[in-house]
Structures are given as C-alpha cells and as structure tokens.
Amino acid sequence: MEESPGASGPGADRAGGGHCQDEEVKKEILTDEEAAVADEEEDEDEDALPHSEILDIFEEGLARLVQDPLLCDLPIQVTLEEVNSQIALEYGQAMTVKVVKADGEIMPIVVVQNATVLDLKKAIRRFMELKQQREGGVKHISWRYVWRTFHLIFQGEKLEDDMMRLKNYGIRNRDEVTFMKKLRKK
C-alpha cells in the first residue's frame, strides 16, 4: 500500500497534507485542556480556607484527640513528638524517667527503652525548649554550659558516659534521676 506524497509516517492523514491540520487540532486541544486546568485551580483557590481557619480546625481536632484517656496527660498545645512518645509509652516501647531538679521540680522525660545517657540529655533539652515556648521566659539556654556545670545522678552514681545505656545504670521506667550542680574542686 502506497502513501500519498505529502504524508509522512503512520500518523499522517490519508487524504494527504493533513499533518499541519493535525498539529493545529492538537494545539487547540492542549489550550482547551490548559484552560480547564486553570479554571479548576481558580475554583480550588476559591474553596480554600485561610491559614488561620485551617489552624483553628487543626487545634480543635487536636484538643479532641488529647481528651482520649491515653493522651489526657498531654498539654493542649501538644506536638506530634509528644503524641508519639505517649503512644510508645503505652506499648512499652518507651519509659518515663523522672528528672528531679534542685528546686524540687520533677520533669517527666520520655525516652525509648534502650536510650543512652545522651538520649536522656537530648530529651531533657527538648522538654525544656517546649516548656519555654509554652510559658515564655528565657529565650536561649547554653546546653554546653549546662552539661559542664550539672550532672545527672542515679542512686548516688553519676551518669558520666554519654554512650552508656540507661538500663546499664539500672534505670527503669518511673525511676528518678537527680539533676545536680557539680561541686567545685579546690
């Protein structure tokens, strides 16, 4: 079967010379599709809620979520990290270490079961940062200074090795660790 002289390839018009017409039709279809997409995007923008309303809806949902008996201990301005920690506690994948400060304040710090001393220190830092965000107060804490001047003590033993696991020191769920100032050497 022979093709007409103006045709080129299998998609060519059988009547010949229709190749240009096909291109024009494709362009019209594309512009119609582009227009439809643009119209849909405009409709979506009209239906979209302002950021403040989305935040309000999210916070309402979060408030309902923390009314669950499993999550009722969490603050209203809860973070995803805190929710995940609470769930890990419930499933036995994490433990709470009560860190007692010199003023008697107890900080319930949640860490994974096989956490190291360094993990505990990082969790204390995160706890304090969240507390400051919620209550205001000091804007910046030098954690390098904190760990040079304070140490953590469990049953009279200093937790000095950052890489050692808490369970190797004998720390279990709900145990108390003291956050104590180092004594100056004379």
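Just so it is clear, the model here is predicted, and its values are computed rather than measured.

Student: Is there a simple way to explain the sheet that holds strand S4 (residues 157-158) in this structure?
Tutor: Across a sheet, strands are paired by hydrogen bonds formed along the backbone, either parallel or antiparallel in direction. Strand order in the open sheet made by the five strands is S2-S1-S5-S3-S4, with mixed pairing throughout. Only two strands of the sheet have a single partner each, and these edge strands are strand S2 (106-112) and S4. Sheet analysis places strand S3 (residues 150-154) next to S4, joined by two bridges and oriented antiparallel. From the neighbouring strand, Phe154 faces S4, where its bridge partner is Glu157. Running at roughly 110° to strand S1 (residues 94-100), helix H3 (residues 80-90) makes contact with S1 and S2 of the sheet.

Student: I would appreciate a short explanation of the pattern of salt bridges in the present structure.
Tutor: Note that side chains of opposite charge can pair when their charged atoms are close. Here the structure, examined in full by the defined rule, presents six salt bridges. A salt bridge links Glu82 to Arg134; the shortest N-O distance between them is 2.6 Å. Taken together, the residues Glu82 in helix H3 and Arg134 in helix H4 (residues 117-135) connect sequence positions 52 residues apart. Two residues, Arg125 and Glu129, come together in a salt bridge whose shortest N-O distance is 3.1 Å. Of this pair, Arg125 and Glu129 both sit in helix H4, four residues apart, which is roughly one turn of the helix. On the basis of relative accessible area, Arg125 is assigned to the partly exposed category, the value being 40%. Residue classification places Glu129 among the partly exposed positions, given a relative accessible area of 28%.

Rules used in this analysis
- Residues numbered from 1 in each chain as written.
- Predicted model: local features only at pLDDT ≥ 70, side-chain atom pairs only at ≥ 80, totals over all residues.
- Heavy atoms only, no water.
- Pairing = 2+ DSSP bridges.
- Helix = DSSP H or I, 4+ residues; strand = E, 2+ residues; numbered from the N terminus.
- Contact = heavy atoms within 4.5 Å.
- Axes fitted to C-alpha atoms, helices over the stretch in contact; angles between N-to-C directions.
- Salt bridge = Lys/Arg side-chain N within 4 Å of Asp/Glu carboxyl O.
- Buried < 20%, exposed > 50% of the residue type's maximum accessible area, 1.4 Å probe, protein only.

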